[in-house]
Amino acid sequence: MDNDKIRITLASKEQAIVGESFRVFGIPDECHRCKLYDICMGRLKPGRIYRIIDVRSINLPTPFKCLLTGGNMVPVAVVEDPLIIPLKLRYVVEGMIVTYDASACGCPGIKCPSGSTLPEGAKVKIIEIMETRDCNGSKIFIAKAIPMD
């Protein structure tokens with residue numbers, strides 16, 4: 001886990017379970033108006049998946065309340081789970097940092113992250129090469145990668 005960026009954010013008390021994951025689909029308008037935005041949704045990116053690695057305790061007389069759900073919120077430490085992306089490169093080595101190019105997305109049977117999850121031109125670190133495919137004479141690597149942003 002030494003390469004993972006640990007972020008402290010807030011999660012609902014019910015969701016705050018070590019090992020559980022959650023995806024941020026979007027950030028509702030209510031969140032932008034909340035005084036806790038900067039320590040909650042402001043630390044997360046839409047489209048990404050986060051895994052809870054620690055639940056922090058706070059000793060406050062009144063817990064943090066979510067404006068959207070009304071539920072109690074607790075601090076959690078999270079790491080971003082890798083994205084599975086296609087790469088159209090001559091070679092790929094685990095640990096290397098490459099620029100994401102969506103040119104492999106036109107190949108049949110290949111799923112690509114949305115542009116809001118991983119924009120074209122973003123830097124990613126290759127964590128694991130899962131498989132290699134052929135697409136119209138080009139080599140496509142399917143890899144787990146962590147965005148460098």
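Residues numbered from 1 in each chain as written. Predicted model: local features only at pLDDT ≥ 70, side-chain atom pairs only at ≥ 80, totals over all residues. Heavy atoms only, no water.

**Student:** I tried to follow the state of the cysteines on my own but got confused; where do I start?
**Tutor:** In protein structure, a disulfide is the covalent linkage between the sulfur atoms of two cysteines. Considering all chains together, one arrives at two disulfides under this definition. In this model, Cys105 is linked to Cys112 through a disulfide, with the two sulfur atoms separated by 2.0 Å. Between Cys105 and Cys112, the S-S dihedral sits near -115°, and the bridge is therefore left-handed. Two residues share a disulfide in this structure: Cys107 and Cys135, whose sulfurs sit 1.8 Å from each other. On the S-S bond that ties Cys107 to Cys135, the torsion sits near -100°, and the link is left-handed. Placement of Cys107 in the loop between strand E7 (97–99) and strand E8 (123–135) and of Cys135 in strand E8 is noted, with a sequence separation of 28 residues between them. The buried category is assigned to Cys107, whose relative accessible area is 11%. Each disulfide in the chain links cysteines that, numbered along the sequence, combine into the pattern 1-3, 2-4. Cys34 takes part in no disulfide bond, and the closest cysteine sulfur to it belongs to Cys40, at a distance of 6.8 Å. Of the residues examined, Cys34 reaches a relative accessible area of 17% and is grouped as buried. (Disulfide = S-S within 2.5 Å. Helix = DSSP H or I, 4+ residues; strand = E, 2+ residues; numbered from the N terminus. Buried < 20%, exposed > 50% of the residue type's maximum accessible area, 1.4 Å probe, protein only.)

**Student:** I'm lost on the pairing of strand E5 (residues 72–80) in this one. Help?
**Tutor:** The side chains of a regular strand alternate, residue by residue, between the two faces of the sheet. With eight of nine residues buried, E5 lies mostly within the body of the structure. Sheet analysis places strand E1 (residues 7–12) next to E5, joined by six bridges and oriented antiparallel. Counterpart to Ser12 in the pairing with E5 is Met73. Judged from the five bridges that link them, strand E3 (residues 49–55) and E5 form a sheet pairing that is antiparallel. Bridged to Tyr50 within E5 is Glu80. One ladder, built from two bridges, connects strand E4 (residues 64–65) with E5; its direction is antiparallel. (Pairing = 2+ DSSP bridges.)

**Student:** I would appreciate a short explanation of the layout of surface pockets in the present structure.
**Tutor:** Estimated volume of the largest pocket: approximately 400 Å³. Residue lining of the largest pocket: 24 residues in total, with Cys31, Cys40, Met41, Cys66 and Met73 positioned closest to the centre. For the lining of the largest pocket, the secondary-structure elements that each account for two or more residues are E1, strand E2 (21–23) and helix H1 (29–33). When grouped by side-chain class, the residues that make up the lining of the largest pocket number 17 nonpolar, four polar and three charged. Here the second largest pocket defines a volume of roughly 330 Å³. In terms of lining residues, the second largest pocket is bounded by 19 residues, among which Leu83, Ile84, Ile85, Lys111 and Cys112 are the most central. Those elements giving two or more residues to the lining of the second largest pocket turn out to be strand E6 (83–87) and E8. Of all the elements, E6 adds the most residues to the lining of the second largest pocket, at four residues. (1 Å grid on protein atoms, 1.4 Å probe; cavity = no way out; pocket = protein on both sides within 12 Å on 5 of 7 lines; lining within 4 Å. Points joined across faces, edges and corners; volume = space filled by probe spheres on them. Nonpolar A, V, L, I, M, F, W, Y, C, P; charged D, E, K, R; others polar.)

**Student:** Mind showing me how you'd approach the environment of Arg48 here?
**Tutor:** By the element assignment, Arg48 lies in the loop between H1 and E3. Between the C-alpha atom of Arg48 and that of Leu83, which follows or precedes it by 35 residues, the distance is 7.8 Å. In this structure, Arg48 is in contact with Phe22, Arg23, Val24, Glu80, Leu83, Thr117, Pro147 and Asp149, ignoring residues within four places of it in sequence. A polar contact is formed between the side chain of Arg48 and the backbone oxygen of Thr117, at a distance of 2.8 Å. (Contact = heavy atoms within 4.5 Å. Polar contact = N/O pair within 3.5 Å; in protein donor to acceptor, adjacent residues only side chain to side chain.)

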